[in-house]
Amino acid sequence: MRYLSTRGGMPAVRFCEILLGGLAPDGGLVLPESYPRVDEETLARWRLLPYPELAFEILRLYADDIPEDDLRALTARTYTAEIFGSDAITPLQRLDGELHLLRLSNGPTLAFKDLAMQLLGNLFEYVLAKQGRELNIVGATSGDTGSAAEYAMRGKRGVRVFMLSPHRRMSAFQTAQMFSLHDPNIYNIAIDGVFDDCQDMVKAISNDLDFKRRWSIGTVNSINWARVVAQVVYYFRGWFAATTSNDQKVSFAVPSGNFGNVLAGHIARSMGLPISRLVVATNENDVLDEFFRTGHYRPRASAETQHTSSPSMDISKASNFERFVHDLLGGDGARVAALWKQLDTEGAFDLSAELPRFADYGFVSGSSSHADRLATIRAVHQAYGVVVDTHTADGLFVAERWREPGVPMICLETAQPAKFAASIREALGIEPPRPAAYEGIESRAQRYTLMPRDVRLLARFIASRAASAAG
Ligand SMILES: *Cc1c(COP(=O)(O)O)cnc(C)c1O
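In this text the structure is predicted, and so the values were computed from the model without any measurement. (Residues numbered from 1 in each chain as written. Predicted model: local features only at pLDDT ≥ 70, side-chain atom pairs only at ≥ 80, totals over all residues. Heavy atoms only, no water.)

1. Details of the pattern of salt bridges
Two side chains carrying opposite charge are able to pair once their charged atoms lie near each other.
Consideration 1: Scanning all chains against the criterion turns up 25 salt bridges.
Consideration 2: Residue Glu354 pairs with Arg335 through a salt bridge whose shortest N-O separation is 3.4 Å. Note that Glu354 is positioned in the loop between strand 12 (349–350) and strand 13 (363–367) and Arg335 in helix 15 (residues 333–346), a separation of 19 residues in sequence.
Consideration 3: For Glu354, a relative accessible area of 13% translates into the label buried.
Consideration 4: Given the relative accessible area of 37%, Arg335 is considered partly exposed.
Consideration 5: In this structure, Arg357 engages Glu354 in a salt bridge whose closest nitrogen and oxygen atoms are separated by 3.4 Å.
Consideration 6: In this structure Arg357 comes out as partly exposed when scored by relative accessible area, which is 30%.
Consideration 7: Taken together, the shared-partner salt bridges in this structure form one network comprising Asp286, Glu290, Arg298, Arg300 and Glu304. (Salt bridge = Lys/Arg side-chain N within 4 Å of Asp/Glu carboxyl O. Helix = DSSP H or I, 4+ residues; strand = E, 2+ residues; numbered from the N terminus. Buried < 20%, exposed > 50% of the residue type's maximum accessible area, 1.4 Å probe, protein only.)

Set out below in C-alpha coordinates:
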(Lines give C-alpha, C1' and ligand atoms only; values in the text may rest on other atoms or scores of the structure.)
Protein backbone atom coordinates (compact mmCIF):
# COMPACT_ATOMS: atom_id res chain seq x y z
CA MET A 1 0.00 0.00 0.00
CA ARG A 2 1.33 3.40 -0.99
CA TYR A 3 0.31 6.79 0.34
CA LEU A 4 -0.25 10.02 -1.57
CA SER A 5 -1.20 13.57 -0.64
CA THR A 6 -4.75 14.86 -1.11
CA ARG A 7 -3.16 17.70 -3.10
CA GLY A 8 -1.18 15.42 -5.38
CA GLY A 9 2.25 16.85 -4.58
CA MET A 10 3.98 14.05 -2.68
CA PRO A 11 5.91 11.05 -4.02
CA ALA A 12 4.26 7.76 -3.00
CA VAL A 13 5.55 6.42 0.33
CA ARG A 14 4.66 3.55 2.65
CA PHE A 15 2.90 3.36 6.02
CA CYS A 16 5.93 3.53 8.33
CA GLU A 17 7.16 6.62 6.50
CA ILE A 18 3.95 8.55 7.19
CA LEU A 19 3.23 7.16 10.67
CA LEU A 20 5.13 9.81 12.63
CA GLY A 21 4.40 12.73 10.31
CA GLY A 22 1.70 15.38 10.23
CA LEU A 23 0.79 17.21 7.03
CA ALA A 24 2.15 16.06 3.67
CA PRO A 25 5.02 18.23 2.35
CA ASP A 26 2.62 20.01 -0.06
CA GLY A 27 0.31 20.99 2.83
CA GLY A 28 -2.24 18.26 2.07
CA LEU A 29 -3.21 15.18 4.07
CA VAL A 30 -1.93 11.69 3.34
CA LEU A 31 -4.28 9.06 1.94
CA PRO A 32 -3.80 5.52 0.61
CA GLU A 33 -3.74 5.39 -3.20
CA SER A 34 -6.89 3.24 -3.02
CA TYR A 35 -9.16 1.64 -0.42
CA PRO A 36 -8.89 -2.15 -0.34
CA ARG A 37 -12.24 -3.82 -1.13
CA VAL A 38 -13.54 -6.44 1.26
CA ASP A 39 -15.56 -9.20 -0.41
CA GLU A 40 -18.48 -11.22 1.01
CA GLU A 41 -16.33 -14.16 1.99
CA THR A 42 -13.90 -11.97 3.92
CA LEU A 43 -16.78 -10.24 5.67
CA ALA A 44 -18.19 -13.62 6.72
CA ARG A 45 -14.80 -14.67 8.08
CA TRP A 46 -14.22 -11.37 9.90
CA ARG A 47 -17.61 -11.62 11.58
CA LEU A 48 -16.22 -14.31 13.88
CA LEU A 49 -12.99 -12.58 14.88
CA PRO A 50 -12.23 -11.12 18.30
CA TYR A 51 -11.47 -7.38 18.24
CA PRO A 52 -7.64 -7.55 18.24
CA GLU A 53 -7.69 -10.07 15.37
CA LEU A 54 -10.10 -7.95 13.36
CA ALA A 55 -7.92 -4.89 14.01
CA PHE A 56 -4.95 -6.88 12.72
CA GLU A 57 -6.78 -7.94 9.54
CA ILE A 58 -7.81 -4.37 8.73
CA LEU A 59 -4.49 -2.80 9.65
CA ARG A 60 -2.41 -5.20 7.63
CA LEU A 61 -4.15 -3.96 4.49
CA TYR A 62 -2.86 -0.47 5.21
CA ALA A 63 0.40 -1.16 7.08
CA ASP A 64 1.83 -3.85 4.84
CA ASP A 65 5.41 -2.74 5.55
CA ILE A 66 5.16 -4.03 9.15
CA PRO A 67 5.83 -7.78 9.41
CA GLU A 68 2.55 -9.57 10.13
CA ASP A 69 3.71 -11.21 13.36
CA ASP A 70 4.80 -7.86 14.74
CA LEU A 71 1.54 -6.20 13.77
CA ARG A 72 -0.51 -9.00 15.27
CA ALA A 73 1.45 -8.65 18.52
CA LEU A 74 0.81 -4.89 18.53
CA THR A 75 -2.97 -5.19 18.14
CA ALA A 76 -3.07 -8.02 20.71
CA ARG A 77 -1.22 -5.85 23.21
CA THR A 78 -3.45 -2.83 22.53
CA TYR A 79 -6.99 -4.20 22.52
CA THR A 80 -7.25 -6.02 25.84
CA ALA A 81 -10.03 -6.32 28.39
CA GLU A 82 -7.62 -4.86 30.92
CA ILE A 83 -7.33 -1.60 28.98
CA PHE A 84 -10.85 -1.41 27.48
CA GLY A 85 -12.96 -2.99 30.18
CA SER A 86 -14.25 -6.06 28.30
CA ASP A 87 -13.25 -8.52 25.59
CA ALA A 88 -15.82 -6.91 23.32
CA ILE A 89 -13.67 -3.71 23.52
CA THR A 90 -16.56 -1.75 21.88
CA PRO A 91 -19.77 -3.41 23.15
CA LEU A 92 -23.01 -2.70 21.33
CA GLN A 93 -25.90 -1.73 23.57
CA ARG A 94 -29.44 -2.02 22.24
CA LEU A 95 -31.72 0.83 23.28
CA ASP A 96 -34.86 -0.11 21.38
CA GLY A 97 -35.55 -2.47 18.47
CA GLU A 98 -33.38 -0.69 15.98
CA LEU A 99 -31.53 1.97 17.94
CA HIS A 100 -28.15 1.07 19.40
CA LEU A 101 -25.22 2.66 21.18
CA LEU A 102 -21.73 1.53 20.21
CA ARG A 103 -19.80 2.08 23.40
CA LEU A 104 -16.40 3.46 22.44
CA SER A 105 -15.47 5.14 25.68
CA ASN A 106 -14.32 2.39 28.01
CA GLY A 107 -10.61 3.12 27.53
CA PRO A 108 -8.29 4.80 30.05
CA THR A 109 -9.52 8.38 29.46
CA LEU A 110 -13.21 7.52 28.99
CA ALA A 111 -13.48 8.87 25.43
CA PHE A 112 -13.36 7.17 22.03
CA LYS A 113 -9.99 8.73 21.19
CA ASP A 114 -8.34 6.00 23.31
CA LEU A 115 -9.22 3.38 20.69
CA ALA A 116 -6.90 4.95 18.14
CA MET A 117 -4.42 6.58 20.49
CA GLN A 118 -3.60 3.42 22.44
CA LEU A 119 -2.64 1.72 19.19
CA LEU A 120 -0.67 4.77 18.12
CA GLY A 121 1.41 4.58 21.31
CA ASN A 122 2.42 1.00 20.57
CA LEU A 123 3.01 1.73 16.87
CA PHE A 124 5.20 4.74 17.67
CA GLU A 125 7.31 2.79 20.15
CA TYR A 126 7.72 -0.04 17.64
CA VAL A 127 8.68 2.10 14.63
CA LEU A 128 10.96 4.42 16.64
CA ALA A 129 12.88 1.42 17.99
CA LYS A 130 13.23 0.01 14.45
CA GLN A 131 14.50 3.32 13.12
CA GLY A 132 16.71 3.98 16.16
CA ARG A 133 14.97 7.32 16.70
CA GLU A 134 13.32 9.28 19.46
CA LEU A 135 10.31 11.56 19.22
CA ASN A 136 9.30 14.56 21.30
CA ILE A 137 5.58 15.10 20.96
CA VAL A 138 4.46 18.67 21.57
CA GLY A 139 0.76 19.39 21.75
CA ALA A 140 -1.90 21.70 23.11
CA THR A 141 -5.12 20.50 24.68
CA SER A 142 -8.25 21.80 26.28
CA GLY A 143 -9.31 18.31 27.34
CA ASP A 144 -9.80 14.97 25.56
CA THR A 145 -6.94 14.83 23.06
CA GLY A 146 -4.19 15.65 25.53
CA SER A 147 -5.17 13.08 28.08
CA ALA A 148 -5.72 10.37 25.44
CA ALA A 149 -2.24 11.08 24.07
CA GLU A 150 -0.62 11.01 27.52
CA TYR A 151 -2.27 7.73 28.52
CA ALA A 152 -1.20 6.22 25.19
CA MET A 153 2.42 7.39 25.36
CA ARG A 154 3.15 6.97 29.09
CA GLY A 155 6.10 4.66 29.67
CA LYS A 156 6.75 4.24 25.94
CA ARG A 157 10.43 4.03 25.04
CA GLY A 158 11.74 6.70 22.70
CA VAL A 159 8.75 9.01 23.21
CA ARG A 160 8.32 12.08 25.39
CA VAL A 161 5.13 14.12 25.57
CA PHE A 162 5.08 17.87 26.25
CA MET A 163 1.41 18.78 26.64
CA LEU A 164 0.37 22.40 27.03
CA SER A 165 -2.94 23.26 28.64
CA PRO A 166 -4.49 26.54 29.78
CA HIS A 167 -3.83 26.93 33.52
CA ARG A 168 -6.98 26.46 35.64
CA ARG A 169 -9.27 26.35 32.61
CA MET A 170 -9.98 22.64 32.29
CA SER A 171 -12.51 20.81 34.42
CA ALA A 172 -11.23 19.42 37.73
CA PHE A 173 -11.70 15.90 36.39
CA GLN A 174 -9.81 16.53 33.16
CA THR A 175 -7.00 18.32 35.00
CA ALA A 176 -6.69 15.45 37.46
CA GLN A 177 -6.65 12.89 34.66
CA MET A 178 -3.60 14.50 33.10
CA PHE A 179 -1.76 15.97 36.06
CA SER A 180 -1.94 12.84 38.22
CA LEU A 181 0.31 11.01 35.73
CA HIS A 182 3.80 10.70 37.14
CA ASP A 183 5.56 8.91 34.30
CA PRO A 184 8.97 10.43 33.65
CA ASN A 185 8.31 10.79 29.88
CA ILE A 186 5.15 12.89 30.37
CA TYR A 187 5.45 16.64 30.89
CA ASN A 188 2.33 18.61 31.71
CA ILE A 189 2.86 22.28 31.09
CA ALA A 190 0.19 24.64 32.40
CA ILE A 191 0.32 27.89 30.44
CA ASP A 192 -0.74 31.14 32.00
CA GLY A 193 -3.25 31.88 29.23
CA VAL A 194 -6.11 30.41 27.19
CA PHE A 195 -6.19 27.44 24.82
CA ASP A 196 -5.37 29.59 21.76
CA ASP A 197 -2.20 30.79 23.50
CA CYS A 198 -1.16 27.17 24.01
CA GLN A 199 -1.86 26.39 20.38
CA ASP A 200 0.10 29.43 19.19
CA MET A 201 3.11 28.29 21.23
CA VAL A 202 2.95 24.80 19.71
CA LYS A 203 2.70 26.33 16.23
CA ALA A 204 5.73 28.53 16.89
CA ILE A 205 7.74 25.46 17.94
CA SER A 206 6.59 23.50 14.86
CA ASN A 207 7.40 26.38 12.52
CA ASP A 208 10.99 26.56 13.76
CA LEU A 209 12.30 23.96 11.34
CA ASP A 210 15.84 23.87 12.78
CA PHE A 211 14.55 23.27 16.29
CA LYS A 212 12.05 20.76 15.01
CA ARG A 213 14.70 18.71 13.23
CA ARG A 214 17.31 19.02 15.97
CA TRP A 215 14.96 17.78 18.70
CA SER A 216 12.80 15.47 16.58
CA ILE A 217 9.54 17.26 17.34
CA GLY A 218 6.27 15.58 16.38
CA THR A 219 2.52 15.77 17.04
CA VAL A 220 -0.37 13.36 17.51
CA ASN A 221 -3.29 15.37 16.15
CA SER A 222 -6.38 13.98 14.55
CA ILE A 223 -5.04 14.12 10.98
CA ASN A 224 -2.66 11.26 11.78
CA TRP A 225 -3.52 8.54 9.28
CA ALA A 226 -2.94 5.64 11.69
CA ARG A 227 -5.54 7.14 14.04
CA VAL A 228 -8.09 7.22 11.26
CA VAL A 229 -7.45 3.65 10.18
CA ALA A 230 -7.61 2.35 13.76
CA GLN A 231 -11.12 3.84 13.93
CA VAL A 232 -12.25 1.93 10.84
CA VAL A 233 -12.18 -1.25 12.93
CA TYR A 234 -15.13 -0.42 15.19
CA TYR A 235 -17.42 0.37 12.27
CA PHE A 236 -16.94 -3.23 11.17
CA ARG A 237 -17.45 -4.43 14.74
CA GLY A 238 -20.60 -2.36 15.15
CA TRP A 239 -22.02 -3.68 11.89
CA PHE A 240 -21.24 -7.31 12.86
CA ALA A 241 -22.86 -6.85 16.25
CA ALA A 242 -26.08 -5.37 14.81
CA THR A 243 -26.53 -7.81 11.91
CA THR A 244 -26.67 -11.55 11.38
CA SER A 245 -25.98 -11.73 7.65
CA ASN A 246 -24.06 -9.87 4.97
CA ASP A 247 -27.09 -8.54 3.11
CA GLN A 248 -28.18 -6.30 6.01
CA LYS A 249 -27.42 -2.60 6.14
CA VAL A 250 -26.95 -0.35 9.14
CA SER A 251 -26.54 3.40 9.61
CA PHE A 252 -24.15 5.18 11.95
CA ALA A 253 -24.66 8.49 13.73
CA VAL A 254 -21.40 10.20 14.63
CA PRO A 255 -20.92 13.20 16.96
CA SER A 256 -18.42 15.13 14.85
CA GLY A 257 -15.79 17.83 15.25
CA ASN A 258 -12.65 17.41 13.20
CA PHE A 259 -14.30 14.82 10.95
CA GLY A 260 -11.84 12.07 11.98
CA ASN A 261 -14.37 9.65 13.42
CA VAL A 262 -16.95 9.82 10.64
CA LEU A 263 -14.19 9.79 8.01
CA ALA A 264 -13.32 6.32 9.30
CA GLY A 265 -16.95 5.38 8.61
CA HIS A 266 -16.61 6.70 5.07
CA ILE A 267 -13.51 4.54 4.62
CA ALA A 268 -15.27 1.44 6.01
CA ARG A 269 -18.12 2.09 3.57
CA SER A 270 -15.65 2.60 0.71
CA MET A 271 -14.11 -0.77 1.59
CA GLY A 272 -17.49 -2.39 1.02
CA LEU A 273 -19.10 -2.42 4.47
CA PRO A 274 -22.88 -2.25 3.86
CA ILE A 275 -23.56 1.12 5.48
CA SER A 276 -26.73 2.95 4.56
CA ARG A 277 -26.30 6.37 6.13
CA LEU A 278 -23.43 8.16 7.80
CA VAL A 279 -25.06 10.80 9.96
CA VAL A 280 -22.72 13.72 10.63
CA ALA A 281 -23.95 15.27 13.89
CA THR A 282 -22.58 18.65 14.92
CA ASN A 283 -23.35 21.03 17.77
CA GLU A 284 -23.82 24.81 17.42
CA ASN A 285 -20.47 24.86 15.60
CA ASP A 286 -22.11 23.55 12.46
CA VAL A 287 -19.48 23.99 9.72
CA LEU A 288 -19.94 20.38 8.63
CA ASP A 289 -23.74 20.34 8.84
CA GLU A 290 -23.81 23.43 6.66
CA PHE A 291 -21.57 21.74 4.10
CA PHE A 292 -23.60 18.55 3.85
CA ARG A 293 -26.84 20.53 3.55
CA THR A 294 -25.67 23.19 1.10
CA GLY A 295 -22.30 22.25 -0.40
CA HIS A 296 -20.78 25.44 1.02
CA TYR A 297 -17.70 24.99 3.20
CA ARG A 298 -16.99 28.00 5.35
CA PRO A 299 -14.61 27.50 8.29
CA ARG A 300 -15.27 29.90 11.15
CA ALA A 301 -12.91 32.36 12.80
CA SER A 302 -11.96 31.47 16.37
CA ALA A 303 -14.04 34.41 17.62
CA GLU A 304 -17.03 32.86 15.82
CA THR A 305 -16.47 29.46 17.44
CA GLN A 306 -18.83 28.91 20.34
CA HIS A 307 -18.03 27.27 23.67
CA THR A 308 -20.72 24.65 24.05
CA SER A 309 -21.72 21.88 26.45
CA SER A 310 -20.14 19.42 23.98
CA PRO A 311 -16.69 21.05 24.03
CA SER A 312 -14.81 18.30 22.18
CA MET A 313 -16.82 19.23 19.08
CA ASP A 314 -16.15 22.97 19.32
CA ILE A 315 -14.14 23.35 16.14
CA SER A 316 -13.79 26.17 13.65
CA LYS A 317 -12.64 24.01 10.75
CA ALA A 318 -12.71 20.25 10.29
CA SER A 319 -9.09 19.09 9.89
CA ASN A 320 -9.85 15.73 8.26
CA PHE A 321 -12.49 17.01 5.87
CA GLU A 322 -9.99 17.49 3.02
CA ARG A 323 -9.70 13.70 2.74
CA PHE A 324 -13.38 13.33 1.94
CA VAL A 325 -13.31 16.21 -0.55
CA HIS A 326 -10.43 14.43 -2.30
CA ASP A 327 -12.59 11.32 -2.70
CA LEU A 328 -15.67 13.32 -3.69
CA LEU A 329 -13.68 14.94 -6.50
CA GLY A 330 -12.45 11.58 -7.78
CA GLY A 331 -8.93 12.05 -6.40
CA ASP A 332 -8.27 15.25 -8.37
CA GLY A 333 -5.35 16.61 -6.29
CA ALA A 334 -4.98 19.77 -8.36
CA ARG A 335 -8.62 20.67 -7.71
CA VAL A 336 -8.26 19.97 -3.97
CA ALA A 337 -5.16 22.17 -3.87
CA ALA A 338 -7.05 24.94 -5.68
CA LEU A 339 -9.97 24.74 -3.24
CA TRP A 340 -7.73 25.01 -0.19
CA LYS A 341 -5.91 27.90 -1.80
CA GLN A 342 -9.30 29.54 -2.26
CA LEU A 343 -9.97 28.91 1.46
CA ASP A 344 -6.80 30.86 2.28
CA THR A 345 -7.75 33.82 0.11
CA GLU A 346 -11.55 33.89 0.30
CA GLY A 347 -12.29 31.92 3.45
CA ALA A 348 -14.80 29.56 1.81
CA PHE A 349 -15.51 27.37 -1.20
CA ASP A 350 -18.63 26.14 -2.92
CA LEU A 351 -19.23 22.54 -3.99
CA SER A 352 -23.00 22.86 -4.30
CA ALA A 353 -22.71 21.58 -7.90
CA GLU A 354 -21.69 18.21 -6.39
CA LEU A 355 -24.64 18.15 -3.97
CA PRO A 356 -26.60 15.45 -5.86
CA ARG A 357 -23.64 13.09 -5.44
CA PHE A 358 -23.40 13.41 -1.64
CA ALA A 359 -26.02 10.68 -1.35
CA ASP A 360 -23.68 8.25 -3.15
CA TYR A 361 -21.51 8.47 -0.05
CA GLY A 362 -24.34 8.04 2.43
CA PHE A 363 -23.65 11.34 4.15
CA VAL A 364 -26.49 13.23 5.81
CA SER A 365 -26.23 15.71 8.67
CA GLY A 366 -27.84 17.78 11.38
CA SER A 367 -26.95 19.83 14.44
CA SER A 368 -28.14 20.18 18.02
CA SER A 369 -28.48 23.02 20.52
CA HIS A 370 -27.70 22.86 24.24
CA ALA A 371 -31.43 22.48 24.93
CA ASP A 372 -31.71 19.63 22.39
CA ARG A 373 -28.87 17.77 24.09
CA LEU A 374 -30.29 18.19 27.58
CA ALA A 375 -33.73 17.07 26.39
CA THR A 376 -32.13 14.02 24.73
CA ILE A 377 -30.19 13.13 27.89
CA ARG A 378 -33.48 13.27 29.83
CA ALA A 379 -35.46 11.30 27.24
CA VAL A 380 -32.82 8.56 26.96
CA HIS A 381 -32.54 8.30 30.73
CA GLN A 382 -36.29 8.06 31.12
CA ALA A 383 -36.89 5.59 28.28
CA TYR A 384 -33.91 3.28 28.70
CA GLY A 385 -32.37 4.07 32.10
CA VAL A 386 -29.10 4.96 30.36
CA VAL A 387 -27.07 8.11 31.07
CA VAL A 388 -25.31 9.49 27.99
CA ASP A 389 -22.90 12.41 27.79
CA THR A 390 -23.54 15.63 25.85
CA HIS A 391 -21.58 14.53 22.74
CA THR A 392 -23.40 11.22 22.46
CA ALA A 393 -26.68 13.05 23.09
CA ASP A 394 -25.92 15.22 20.06
CA GLY A 395 -25.50 12.07 17.94
CA LEU A 396 -28.73 10.54 19.25
CA PHE A 397 -30.66 13.76 18.67
CA VAL A 398 -29.60 14.09 15.04
CA ALA A 399 -29.91 10.32 14.42
CA GLU A 400 -33.63 10.46 15.18
CA ARG A 401 -34.30 12.43 11.99
CA TRP A 402 -32.49 9.96 9.76
CA ARG A 403 -33.74 6.58 10.93
CA GLU A 404 -35.15 4.26 8.23
CA PRO A 405 -37.53 1.40 8.92
CA GLY A 406 -35.69 -1.94 8.96
CA VAL A 407 -32.24 -0.35 9.14
CA PRO A 408 -30.54 -0.41 12.55
CA MET A 409 -29.18 3.00 13.60
CA ILE A 410 -25.96 2.78 15.62
CA CYS A 411 -25.01 5.92 17.50
CA LEU A 412 -21.37 6.13 18.50
CA GLU A 413 -20.93 6.84 22.19
CA THR A 414 -17.87 9.08 22.17
CA ALA A 415 -17.43 9.83 25.88
CA GLN A 416 -18.67 8.77 29.29
CA PRO A 417 -20.96 11.14 31.16
CA ALA A 418 -18.55 11.25 34.13
CA LYS A 419 -16.33 13.56 32.05
CA PHE A 420 -19.10 16.14 31.71
CA ALA A 421 -20.71 15.99 35.12
CA ALA A 422 -22.00 19.58 35.16
CA SER A 423 -24.25 18.99 32.13
CA ILE A 424 -25.56 15.74 33.61
CA ARG A 425 -26.44 17.55 36.85
CA GLU A 426 -28.17 20.21 34.77
CA ALA A 427 -30.16 17.66 32.75
CA LEU A 428 -30.96 15.03 35.36
CA GLY A 429 -30.13 16.53 38.74
CA ILE A 430 -27.88 13.56 39.54
CA GLU A 431 -24.17 12.81 39.58
CA PRO A 432 -23.18 10.73 36.54
CA PRO A 433 -21.88 7.24 37.27
CA ARG A 434 -18.10 7.17 37.55
CA PRO A 435 -15.95 4.05 36.90
CA ALA A 436 -14.36 2.79 40.14
CA ALA A 437 -10.81 3.51 38.98
CA TYR A 438 -11.65 7.22 38.86
CA GLU A 439 -13.04 7.60 42.38
CA GLY A 440 -11.28 10.44 44.13
CA ILE A 441 -9.02 11.20 41.18
CA GLU A 442 -9.22 14.93 41.96
CA SER A 443 -7.40 14.44 45.26
CA ARG A 444 -4.40 12.55 43.88
CA ALA A 445 -1.01 14.27 43.84
CA GLN A 446 -0.58 16.40 40.71
CA ARG A 447 2.59 17.04 38.76
CA TYR A 448 2.94 19.90 36.29
CA THR A 449 5.07 22.87 35.36
CA LEU A 450 3.55 26.33 35.32
CA MET A 451 4.90 28.50 32.51
CA PRO A 452 4.21 32.01 31.16
CA ARG A 453 3.37 32.55 27.47
CA ASP A 454 6.99 32.52 26.37
CA VAL A 455 8.03 30.32 23.44
CA ARG A 456 11.74 30.65 24.26
CA LEU A 457 11.15 29.27 27.74
CA LEU A 458 9.18 26.40 26.27
CA ALA A 459 11.90 25.63 23.71
CA ARG A 460 14.53 25.63 26.45
CA PHE A 461 12.39 23.35 28.61
CA ILE A 462 11.90 20.83 25.79
CA ALA A 463 15.55 20.88 24.76
CA SER A 464 16.83 20.36 28.29
CA ARG A 465 14.48 17.44 29.01
CA ALA A 466 15.21 15.82 25.64
CA ALA A 467 18.97 16.27 26.04
CA SER A 468 19.23 14.99 29.61
CA ALA A 469 17.16 11.91 28.88
CA ALA A 470 19.12 11.19 25.70
CA GLY A 471 22.46 11.54 27.51
C1 LIG B 1 -12.91 14.29 19.69
C2 LIG B 1 -14.30 14.08 20.09
C3 LIG B 1 -15.39 14.19 19.17
C4 LIG B 1 -15.18 14.63 17.74
O5 LIG B 1 -14.53 13.65 16.96
P6 LIG B 1 -13.88 14.03 15.56
O7 LIG B 1 -13.11 12.84 15.15
O8 LIG B 1 -13.00 15.21 15.82
O9 LIG B 1 -14.98 14.36 14.61
C10 LIG B 1 -16.66 13.92 19.62
N11 LIG B 1 -16.89 13.57 20.90
C12 LIG B 1 -15.90 13.45 21.81
C13 LIG B 1 -16.23 13.10 23.21
C14 LIG B 1 -14.56 13.70 21.44
O15 LIG B 1 -13.57 13.60 22.34
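Past the structure itself, the notes keep going.
2. A closer look at the pairing of strand 9 (residues 250–255)
The side chains of a regular strand alternate between the sheet's two faces.
Consideration 1: Among the 6 residues that make up strand 9, 6 are buried, leaving the element largely enclosed by the rest of the structure.
Consideration 2: Residue alternation in strand 9 divides its side chains into two sets, Val250, Phe252 and Val254 and Ser251, Ala253 and Pro255, and both sets are buried.
Consideration 3: When strand 9 meets strand 10 (residues 275–282), the two strands line up parallel, connected through 5 bridges. Paired with Pro255 across the bridge in strand 10 is Ala281.
Consideration 4: In this region the chain leaves strand 9, passes through helix 12 (residues 260–270) and returns to the parallel neighbour strand 10; the handedness of that crossover is right-handed.
Consideration 5: When strand 9 meets strand 14 (residues 409–413), the two strands line up parallel, connected through 3 bridges. Among the inter-strand pairings, Ser251 is bridged to a residue of strand 14, identified as Met409. (Pairing = 2+ DSSP bridges. Right-handed = clockwise from strand over helix to strand, strands pointing away.)

3. Thoughts on the layout of surface pockets
Consideration 1: Estimates place the volume of the second largest pocket at around 230 Å³.
Consideration 2: Forming the walls of the second largest pocket are Arg77, Glu82, Ile83, Pro108, Gln118, Asn122, Glu125, Tyr151, Ala152, Arg154 and Lys156.
Consideration 3: Breaking the lining of the second largest pocket down by element, the ones donating at least two residues are helix 5 (81–84), helix 6 (113–131) and helix 7 (144–153).
Consideration 4: With 3 residues, helix 6 is the single largest residue contributor to the lining of the second largest pocket.
Consideration 5: A class-by-class count of the residues in the lining of the second largest pocket yields 4 nonpolar, 2 polar and 5 charged. (1 Å grid on protein atoms, 1.4 Å probe; cavity = no way out; pocket = protein on both sides within 12 Å on 5 of 7 lines; lining within 4 Å. Points joined across faces, edges and corners; volume = space filled by probe spheres on them. Nonpolar A, V, L, I, M, F, W, Y, C, P; charged D, E, K, R; others polar.)

4. Description of the packing of helix 7 against helix 8 (residues 172–179)
Consideration 1: In the contact formed by helix 7 and helix 8, the axes pass within 9 Å of each other and the chain directions differ by 25°. For the element pair helix 7 / helix 8, the angle class is roughly parallel. Read as a crossing pair, helix 7 and helix 8 show a hand that is left-handed. From helix 7, Asp144, Gly146, Ser147, Glu150 and Tyr151 reach across to helix 8, where they touch Gln174, Gln177 and Met178.
Consideration 2: Of the residues in the contact of helix 7 with helix 8, the class split is 2 nonpolar, 4 polar and 2 charged. (Axes fitted to C-alpha atoms, helices over the stretch in contact; angles between N-to-C directions. Parallel < 35°, antiparallel > 145°, perpendicular 65-115°, else oblique. Left-handed = near helix turned anticlockwise from the far one by under 90°. Contact = heavy atoms within 4.5 Å.)

5. So, the sheet that holds strand 6 (residues 159–166)
Consideration 1: Strand order across the open sheet formed by 5 strands is 8-5-6-7-15, with parallel pairing between neighbours. Each edge of the open sheet carries a strand with a single partner, namely strand 8 (217–218) and strand 15 (449–451).
Consideration 2: Here 6 bridges tie strand 5 (residues 135–140) to strand 6, and the two strands are oriented parallel to one another. The residue bridging Asn136 from the neighbouring strand is Arg160, located in strand 6.

6. Points about the side chain of Asn261
Consideration 1: Turning to its location among the elements, Asn261 is positioned in helix 12.
Consideration 2: Exposure remark for Asn261: the relative accessible area of 5% places this residue in the buried category.
Consideration 3: Once residues within four sequence positions are removed from consideration, Asn261 is found in contact with Phe112, Gln231, Tyr234, Tyr235, Val254, Leu412 and Thr414.

7. A closer look at helix 12
Consideration 1: Burial within helix 12 is extensive, with 9 of its 11 residues counted as buried.
Consideration 2: Two residues or fewer after helix 12 comes Gly272, characterised by a positive phi angle close to 115°.

8. Here's the deal with the environment of Val398
Consideration 1: Position of Val398 among the secondary structure elements: in helix 17 (residues 390–401).
Consideration 2: With a relative accessible area of 0%, Val398 lands in the buried category.
Consideration 3: Measuring from C-alpha to C-alpha, the distance between Val398 and Gly333 comes to 32 Å, with 65 residues separating the pair along the chain.
Consideration 4: In this view, Val398 contacts Val279, Val280, Ala281, Ser365, Gly366, Ser367 and Ser368; residues no more than four positions away in its chain are not counted.

9. Some points on the site of the ligand
Consideration 1: The environment of the ligand is made up of 15 residues, and the closest members are Lys113, Asp144, Gly257, Asn258 and Asn261.
Consideration 2: Residue Gly260 places a main-chain N or O atom 3.2 Å away from an oxygen atom belonging to the ligand.
Consideration 3: Protein burial of the ligand: of its 380 Å² of free accessible surface, 97% is covered by the chains.
Consideration 4: Looking at the shell around the ligand residue by residue, the classes come out as 5 nonpolar, 8 polar and 2 charged. (Near = heavy atom within 4 Å. Polar contact = N/O pair within 3.5 Å; in protein donor to acceptor, adjacent residues only side chain to side chain. Areas by Shrake-Rupley, 256 points an atom, 1.4 Å probe, with all protein chains shown as cover.)

10. Re helix 6
Consideration 1: When the terminal C-alpha atoms of helix 6 are compared, their 26 Å separation across 19 residues agrees well with the 27 Å that a helix rising 1.5 Å per residue should span.
Consideration 2: The element helix 6 is extensively covered by neighbouring structure, given that 16 of its 19 residues are classed as buried.
Consideration 3: Immediately downstream of helix 6, the backbone of Gly132 shows phi near 60°, a positive value. (Expected span 1.5 Å × (residues − 1).)

Read these as geometric descriptors, not functional statements.
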